[in-house]
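Results of the structural survey
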There are 2 protein chains.
Amino acid sequence: MIMKKAVVLYSGGLDSTTCLAIAKAEGFVPYALSFSYGQRHSFELEKAKEYAPHVGAAEHRVVDIDLRQFGGSALTADTEVPKDRPIDDAIPVTYVPARNTIFLSYALAWAEVLGATDIFIGVNALDYSGYPDCRPEYIAAYEKMANLATKAGVEQGGLKIHTPLIDLTKAEIIRRGLELDVDYGLTHSCYDPTPEGLACGRCDSCQLRLKGFREVGSSDPVDYAVEVGS
Amino acid sequence: MIMKKAVVLYSGGLDSTTCLAIAKAEGFVPYALSFSYGQRHSFELEKAKEYAPHVGAAEHRVVDIDLRQFGGSALTADTEVPKDRPIDDAIPVTYVPARNTIFLSYALAWAEVLGATDIFIGVNALDYSGYPDCRPEYIAAYEKMANLATKAGVEQGGLKIHTPLIDLTKAEIIRRGLELDVDYGLTHSCYDPTPEGLACGRCDSCQLRLKGFREVGSSDPVDYAVEVGS
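Scope of this entry: the structure provided in the associated data block. These figures come from a predicted structure and were not determined experimentally. Residues take numbers from 1 onward in each chain, read along the sequence in its written order. Chains carry letters and ligands carry numbers; both start at the beginning, A for chains and 1 for ligands, and go up in the order they are written. Confidence filtering applies because this is a predicted model: local features only for residues at pLDDT of at least 70, side-chain atom pairs given and counted only at 80 or more, and all residues used for totals across whole chains, interfaces and linings.

With that settled, the discussion passes to the relation of the copies chain A and chain B. Between the two copies, chain A and chain B, the superposition gives an RMSD of 0.0 Å; the rotation angle is 180° and the shift along the axis is 0.0 Å. Here the symmetry operator amounts to a two-fold rotation axis. Here the contact rule is simple: place C-beta atoms from the backbone, and any two residues whose C-beta atoms are within 7 Å are in contact. Interface overlap between copies is the fraction of interface residues in one copy that are interface residues in the other; for chain A against chain B it reaches 100%, indicating a shared surface. A residue counts toward the fit only if its pLDDT is at least 70 in both copies, and the copies are then superposed by least squares on the C-alpha atoms of those residues.

Shown next, in the form of structure tokens:
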């Protein structure tokens, strides 16, 4: 069997790590792509570098992009990450302008150079309540644009954006990852970890993750700064 | 009259400089955006920095992106720029993977932060014979995607990608620019200038530019390394 190359957007978090494992399980050789974009902490990126070879990424590239110069988000500017807030449908303050559009565009460039026609991104249903660039209709529009943008699209056709997590709840993502032997102890989701790298347990991302593990009936192997139950 | 902000992709070249002048003439306040992307020469970028304030850009930002790490183009890798070749319909070796997609994505991010819903890009008919990401159908698909990607699109609707040069020949672009008092002596188009900054007169970009000035019956005010007639 000839293995096809795929570019996988990979942050070192729970979702993208599961996404990479799924790409591999589907027979692709994953080329993992991470971004350094003026995040207030780089712990997640360090985890990505450490973990990428262990989940079978053929290569791992980190592209340095400076979204901070445009400002506009709690993840890139100096505003507070919200804590203990209810998860609702409003666009959250942690929204980064055009983030997935920029990320996918770099993935498209790398895919074209690799001769790959497949890109994996771990967006899912729990995100697209808040982030417009996580919705299925956005991904479909991006794929259509990408097929018009590139040599690969024009000459070969069929450039595909895979979103294997898009209809899954956090619990279903975790269940699928555990089936594929993903070690979630080597992932990191917190928006606002302690200086020692402990997850805060209270930001939106921690709340969603912990809820997912509770629903699966499994305990989250990462270390938290607060008591989170099991 | 309230002036609307617009992000204008601006390289310091003939087309984007004309595009910026058109945006201004249409009543927009132009926010000029350039990219440093591992070009083999930075002369064009220096011209962009110098000229931007003179054409009325309210701000000029230069985003540093490293496409060189993905390779795949004469403009970013160490291959030869073709000289004296006939202009044909094949995708040229100077094609940069996903370039306009990446450029527009940064423009989208800045537009969102500025509260702007208008982006100008100086693609034109002479380009889209060779570059897939200069065609009208690509721009239309990008605009549709952008409206699904962003807060501005979702909450306000109507994010627009303007391509005022798209149906113009090089001669028509130059004629329009001269009407708007664009000083083409402060633009630069050459893919392969001499160390002193003289245009080579032989690359695709120089050939198209010189042909345009000949058709308008005007002489190109930039300095060339070779005799180019008038």
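Still more to cover.
Two numbers describe a pair of packed helices, the interaxial angle and the distance between the axes. With their axes 8 Å apart at the nearest point, helix α5 (residues 136–149) of chain A and helix α4 (residues 136–149) of chain B run at an angle of 160° to one another. The pairing of α5 of chain A with α4 of chain B is recorded here as roughly antiparallel in orientation. Both α5 of chain A and α4 of chain B take part in a crossing whose hand is left-handed. Counted together, Glu 137, Tyr 138, Ala 141, Tyr 142, Lys 144, Met 145, Leu 148 and Ala 149 of chain A of α5 of chain A and Glu 137, Tyr 138, Ala 141, Tyr 142, Lys 144, Met 145, Leu 148 and Ala 149 of chain B of α4 of chain B form the full contact between these two elements. Residues that form the contact of α5 of chain A with α4 of chain B fall into these classes: 12 nonpolar, no polar and four charged. An axis is simply a line fitted to the C-alpha atoms; with a helix, the fit covers only the stretch in contact. Between two such axes, the angle follows the N-to-C directions and lies from 0 to 180 degrees. Helical segments are the DSSP runs of H or I of at least four residues, strand segments are the runs of E of at least two, and each set is numbered from the N terminus. Any angle between 65 and 115 degrees counts as roughly perpendicular, while under 35 counts as roughly parallel, over 145 as roughly antiparallel, and the rest as oblique. Should the near helix be turned anticlockwise from the far one by less than a right angle, the crossing is left-handed, and should it be turned clockwise, the crossing is right-handed. Nonpolar residues are Ala, Val, Leu, Ile, Met, Phe, Trp, Tyr, Cys and Pro. Charged residues are Asp, Glu, Lys and Arg, and all others, Gly as well, are polar.

Attention now goes to the interface of chain A and chain B. Each partner contributes residues to the interface: chain A has 36 residues there, and chain B has 37 residues. Only β3 (59–64), α3 (99–114), α5 and α6 (151–156) of chain A provide two or more residues apiece to the side of chain A that touches chain B. Considering each element in turn, the side of chain A that touches chain B owes the most residues, nine residues, to α3 of chain A. A breakdown of the residues in the side of chain A that touches chain B according to their chemical character gives 21 nonpolar, six polar and nine charged.

Time to look at the sheet that holds strand β4 (residues 118–120) of chain B. Residues and elements named next belong to chain B. The five strands lie next to each other as β3-β2-β1-β4-β5, forming an open sheet whose pairing is parallel. Of all the strands in the sheet, just β3 (59–64) and β5 (160–162) have a single pairing partner and so form its edges. Between one strand axis and the next, the sheet turns by 25° as a mean value, whatever way the strands run. With six bridges connecting them, strand β2 (residues 28–36) and β3 associate as parallel partners. Looking at the pairing, Ser 34 lines up with Val 62 of β3. Pairing between strands requires that DSSP locate at least two bridges from one strand to the other.

Looking now at the sheet that holds strand β2 (residues 28–36) of chain A. Residues and elements named next belong to chain A. With parallel pairing, the five strands of this open sheet are ordered in space as β3-β2-β1-β4-β5. Two strands close off the open sheet at either side, each with one partner strand: β3 and β5 (160–162). With strand direction ignored, the average angle separating the axes of adjacent strands in the sheet is 25°. One ladder, built from three bridges, connects strand β4 (residues 118–120) with β5; its direction is parallel. Each bridged residue has a counterpart across the sheet, and for Asp 118 the counterpart in β5 is Lys 160.

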